[in-house]
Amino acid sequence: MRITIHQTGSDADLREQRCCVCRQRFYLGPASCLLFSGCDSGRGKEVLWGEVCPACIEGGQDHIQGALGRRARRSRMIAEQETEAAEEGIADCPTLDEVLAAESYYERPMFRTGQEYEDALSRGEVD
Ligand SMILES: [Zn+2]
């Protein structure tokens, strides 16, 4: 794995990007730091993971290695949960007609704001 500095391709790239290490958004300037793994020669293929943010660059190799390790563990956990869900199968699923009937019955959401909904949830008024 390596991170290399490149001149950003065009003005259109000078915008908010998501760091491929920490997943935080950052504003990309004229210099891009790109994370690659693998290599072009031999049996492996080089993989471009994306832009690395200045905070991760400042954190250095240990910070980046730690963040990638945590993401890999989280990814394994998600893959495990998705595998279990897929193997469980679907016991019940509405038809599109049932969904459309429910939409015409409800007409609008229960609350105007997310906060009103959260407050009602915390008071146990909805489940
Ligand atoms: Zn980052």
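It should be emphasised that the depicted structure is a prediction, and the values quoted were computed from it without experimental measurement.

## Focus on helix α1 (residues 54–88)
Helix length check: α1, at 35 residues, gives a terminal C-alpha distance of 43 Å against a target of 51 Å (1.5 Å per residue), a shortfall beyond 12%. Remark: the principal bend of α1, roughly 120°, maps to G60. Immediately downstream of α1, the backbone of G89 shows phi near 80°, a positive value.

## With respect to helix α3 (residues 114–122)
Little of α3 is tucked away, with 0 of its 9 residues classed as buried. Note on α3: the residue one or two positions beyond its end, G124, has a positive phi of about 75°.

## Remarks on the domain arrangement of the protein chain
Where the parts come together, the accessible area they lose is often given as the size of the interface. The domain boundaries assigned to the protein chain delineate domain 1 (2–88) and domain 2 (94–127). Summarising the inter-unit geometry, the C-alpha centres of domain 1 and domain 2 are found 37 Å apart.

## Quick look at the environment of F26
Note on placement: F26 falls in strand β3 (residues 25–27). With 25 residues separating them along the chain, F26 and E51 place their C-alpha atoms 9.6 Å apart.

## With respect to the environment of L35
By the secondary structure assignment, L35 is in strand β4 (residues 31–37). Overall, the presence of 20 C-beta atoms within 10 Å leaves L35 in the buried class. Each C-alpha atom, one on L35 and one on W49, is 5.4 Å from the other, the two residues being 14 residues apart in sequence. Leaving out residues up to four positions away in the same chain, L35 has contacts with M1, I3, C20, V21, W49, G50 and V52.

## Notes on the sheet that holds strand β5 (residues 47–51)
Across the sheet, which stays open at both edges, the 3 strands sit in the order β1-β4-β5 with antiparallel pairing between neighbours. Strands at the two margins of the open sheet, each flanked by one partner only, are β1 (2–7) and β5. The mean inter-strand angle of the sheet, taken between neighbouring strand axes irrespective of direction, is 35°. For β1 and β4, the ladder comprises 6 bridges, and the chain directions are antiparallel. Counterpart to I5 in the pairing with β4 is C33.

Analysis parameters
Residues numbered from 1 in each chain as written. Predicted model: local features only at pLDDT ≥ 70, side-chain atom pairs only at ≥ 80, totals over all residues. Helix = DSSP H or I, 4+ residues; strand = E, 2+ residues; numbered from the N terminus. Expected span 1.5 Å × (residues − 1). Bend = angle between axes of the 7 residues up to and from the residue. Buried ≥ 20, exposed ≤ 12 C-beta atoms within 10 Å, placed from the backbone. Domains from an automatic or database assignment. Contact = placed C-beta atoms within 7 Å. Pairing = 2+ DSSP bridges. Axes fitted to C-alpha atoms, helices over the stretch in contact; angles between N-to-C directions.

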